[in-house]
Amino acid sequence: MTTHSHRVPEPVEEPRGLWVTFEGGDGAGKTTQAALLEQWLQRQGRTVVRTREPGGTEVGVLIRDIVLHHRGDIAPRAEALLYAADRAHHVATLVRPALARGEVVIQDRYLDSSVAYQGAGRVLDADEVRRLSLWATEGALPDVTVLLDLDPSAARVRLDADDKPFDRLEAEQADFHERVRAAFLALAAAEPDRFLVIDARLPVDEIAVQVQRRVAEVLAADLRA
Ligand code: TYD
């Protein structure tokens, strides 16, 4: 008899990545905070993939050009499908593989942006927009979503100071951006475990510390699991 059959199987170490998304209106400081989180995690020796939607892949860059720079209208459902197509390809070819390697994915915008912009902004049914994205990604949801909340009129001051031309969505009227903000806050209230809501008027460093604290908690909980 071999002793082999009595041996307890070695637990397979499944590498577990971490997926953090940043959400909020245009001009809320998502990109700055994503970069600060990346640096903080890299200092701890983590491998980080920084990405964004729309446009995190080659296919996504083409889709981004349509949704942001097409001159003239795009039917709301077509717009929702374009963002969902970008998302489907991004999650399948970039996000899931990185998480499977145990890496940290830090991403500007995800499906909450679709629910807020195409749902509340373009007035499609929010649940349908969400289900479309969940179908596109086979139900992928981030571990942490940071919502940088900012009054659209304050955001506008920041965007004006930037001196960049507005894209199709930035160029929308104030009430569009008010609806988007309210939709983000409602999403956060519905999923308090996933969301961390931060007042985007706080100093950059203070926001960064709040984000780091939450990410550290999630990483510590993962180690215990
Ligand atoms: P973003 O990359 O944040 O723009 P910028 O490079 O100017 O900071 O986002 C592009 C725009 O796309 C933004 O106005 C929000 C919009 N958007 C949607 O309407 N739906 C979506 O699903 C996503 C991901 C973005």
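Residues numbered from 1 in each chain as written. Predicted model: local features only at pLDDT ≥ 70, side-chain atom pairs only at ≥ 80, totals over all residues. Heavy atoms only, no water.

Undergrad: Before we go on, may I ask you to explain the pattern of salt bridges in this structure?
TA: When their charged atoms lie close together, side chains carrying opposite charge are able to pair. Applying the stated criterion across every chain, the model contains 15 salt bridges. For the salt bridge of Arg 50 with Asp 108, the shortest nitrogen-to-oxygen distance reads 3.3 Å. Taken together, the residues span a long stretch of sequence, with Arg 50 in strand S2 (residues 48-52) and Asp 108 in strand S3 (residues 104-108) at a distance of 58 residues. Overall, the relative accessible area of 9% leaves Asp 108 in the buried class. Between Glu 79 and Arg 122 there is a salt bridge; the shortest N-O distance is 3.0 Å. Placement of Glu 79 in helix H3 (residues 76-100) and of Arg 122 in the loop between helix H4 (111-121) and helix H5 (126-136) is noted, with a sequence separation of 43 residues between them. Overall, the relative accessible area of 18% leaves Arg 122 in the buried class. In this structure, a network of salt bridges that share partners links the residues Glu 79, Arg 122, Arg 168 and Glu 172. (Salt bridge = Lys/Arg side-chain N within 4 Å of Asp/Glu carboxyl O. Helix = DSSP H or I, 4+ residues; strand = E, 2+ residues; numbered from the N terminus. Buried < 20%, exposed > 50% of the residue type's maximum accessible area, 1.4 Å probe, protein only.)

Undergrad: How should I be thinking about the side chain of Ser 114 in this particular structure?
TA: Along the chain, Ser 114 turns up in helix H4. Using a relative accessible area of 3% as the deciding quantity, one classes Ser 114 as buried. Not counting residues within four places of it along the chain, the set of residues in contact with Ser 114 comprises Tyr 83, Arg 87, Gly 119, Val 129 and Ser 133. (Contact = heavy atoms within 4.5 Å.)

Undergrad: Please explain the site of the ligand as it appears in this structure.
TA: Looking at the ligand, there are 16 residues lining it, with Arg 64, Arg 87, Arg 109, Ser 114 and Gln 118 nearest. Asp 26 has a polar side-chain atom sitting 3.1 Å from an oxygen atom of the ligand. With respect to the ligand, the side chain of Tyr 83 contributes an N or O atom lying 3.0 Å from an oxygen atom. Notes on the ligand: free accessible area 560 Å², of which the protein chains cover 90%. (Near = heavy atom within 4 Å. Polar contact = N/O pair within 3.5 Å; in protein donor to acceptor, adjacent residues only side chain to side chain. Areas by Shrake-Rupley, 256 points an atom, 1.4 Å probe, with all protein chains shown as cover.)

Undergrad: I keep staring at the packing of aromatic side chains and nothing clicks. Help me out?
TA: Ring pairs (aromatic) are described by centroid distance and by the angle formed between their planes. In the structure shown here, the tally under the stated rule is three aromatic pairs. Pairing Tyr 117 with Phe 176 gives two aromatic rings, centres 6.1 Å apart and planes at 55 degrees, and the pair type is tilted. Of this pair, Tyr 117 sits in helix H4 while Phe 176 sits in helix H7 (residues 174-190); the two residues are 59 residues apart in sequence, bridging distant segments of the chain. For the pair formed by Tyr 117 and Phe 176, the shared burial category is buried. Relative to Phe 184, the ring of Tyr 117 has its centre 6.2 Å away and its plane inclined at 75 degrees; by these criteria the two rings are edge-to-face. Here Tyr 117 is found in helix H4, whereas its partner Phe 184 is found in helix H7, with 67 residues between them in sequence. Among the aromatic residues, those joined into a cluster by ring pairs are Tyr 117, Phe 176 and Phe 184. Positioned above the aromatic ring of Tyr 110 is the side chain of Arg 87, whose terminal nitrogen or guanidinium carbon lies 5.4 Å from the ring centre. (Phe/Tyr/Trp six-rings, centres within 6.5 Å; stacked < 30°, edge-to-face > 60°. Lys NZ or Arg CZ within 6 Å of the ring centre and 35° of its normal.)

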